[in-house]
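Residue strings, one per chain:
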Amino acid sequence: MQYSDIHKAVFRSRPNRFIAKVELDGAEATVHVKNTGRCRELLVPGATVYLEKSGNPARKTLYDLVAVEKGPRLINMDAQAPNKVFGEWAAAGWFRPGLTLLRPETTWGRSRFDFYWEAGEQKGFVEVKGCTLEEDGACFFPDAPTERGVKHVEELIAAHAAGFDACLFLVIQMSGVDYWSPNDRTHPEFGGAVRRAAVAGVEVLAYDCTVSPDALALGRPVEVRL
């Protein structure tokens, strides 16, 4: 996926989940943060961030914060990006051979999955999660408790039991990482749900990304440690 009209800035503070104060071209600006997660290890005063300028002059905030530098690593932190890059990657034929249908935001029963797909006689659902939390080359999700995430995993288990292919797909929004694991310190219930899902036959995949200030693309598979 591609961004346009990218500007480099310096992070100063985050008054709430939705906005940040940055220094842009020598002046303070208020920008929209496209990630409501905690991101405390990323958004630290003095960090270099990258902003996409909105084409809508009527917006209260004219910029979206989409990426941040953490030491030598560039991390995309746009919460909408994981679904977009997975969709592009899957549509290009990398997810399932012979893919004939890829439909986002599909309801099944009382569940709503990020993607539904078909390939010949095969049919399945994918739930995508973006990961920005990294420690010494290891990546973890979630960075805050997520009852919604637990529900999604349980719904994947139910879909698999009903005969569908089911996959939990972690998009690691950075490159050069060693492995991914559930963040049991933050939300052990999520980790427990993922392990139950894996035992039940739900596929758990993690891929890193090639990241630049103005683009994001899925990269290579990353080891999953449960």
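What comes next is a walk through the structure.

Conventions we followed
Residues numbered from 1 in each chain as written. Predicted model: local features only at pLDDT ≥ 70, side-chain atom pairs only at ≥ 80, totals over all residues. Heavy atoms only, no water. Pairing = 2+ DSSP bridges. Helix = DSSP H or I, 4+ residues; strand = E, 2+ residues; numbered from the N terminus. Axes fitted to C-alpha atoms, helices over the stretch in contact; angles between N-to-C directions. Contact = heavy atoms within 4.5 Å. Phe/Tyr/Trp six-rings, centres within 6.5 Å; stacked < 30°, edge-to-face > 60°. Buried < 20%, exposed > 50% of the residue type's maximum accessible area, 1.4 Å probe, protein only. Lys NZ or Arg CZ within 6 Å of the ring centre and 35° of its normal.

Let us now look at the sheet that holds strand E7 (residues 101-108). Strand order in the open sheet formed by 6 strands is E7-E8-E9-E12-E14-E15, with mixed pairing between adjacent strands. Of all the strands in the sheet, just E7 and strand E15 (215-221) have a single pairing partner and so form its edges. Neighbouring strand axes in the sheet, compared pairwise and without regard to direction, differ in orientation by 35° on average. Pairing analysis gives 5 bridges linking strand E14 (residues 203-212) to E15, with the strands arranged antiparallel. Looking at the pairing, Tyr207 lines up with Pro221 of E15.

Its place among the elements puts Leu170 in strand E12 (residues 165-172). Aside from chain neighbours lying at most four places away, what touches Leu170 is Lys129, Phe141, Trp180, Val204, Leu205, Ala206 and Tyr207.

Here the structure, examined in full by the defined rule, presents 16 aromatic pairs. With a centroid separation of 5.1 Å and 55° between ring planes, the pair formed by Phe86 and Phe115 is classed as tilted. Of this pair, Phe86 sits in helix H1 (residues 81-91) while Phe115 sits in strand E8 (residues 111-119), and the two are 29 residues apart along the sequence. The pair formed by Phe86 and Phe115 is uniform in burial state, with each residue classed as buried. Arranged with centres 5.9 Å apart and planes meeting at 90°, the rings of Phe95 and Trp117 form a pair that is edge-to-face. Here Phe95, found in the loop between H1 and E7, pairs with Trp117, found in strand E8; they are 22 residues apart in sequence, far enough to count as distant. In terms of burial, Phe95 and Trp117 fall into one category: buried. Each member of the aromatic cluster is reached from another via a ring pair, and the members are Phe86, Trp89, Phe95, Phe115, Trp117, Phe169 and Tyr207. The cationic tip of Arg96 hangs over the ring face of Phe95; the distance from NZ or CZ to the ring centre is 4.1 Å. When the ring centre of Phe140 is taken as reference, the NZ or CZ atom of Arg185 above it lies at 5.6 Å.

Read these as layout, nothing more, since geometry by itself doesn't imply function.
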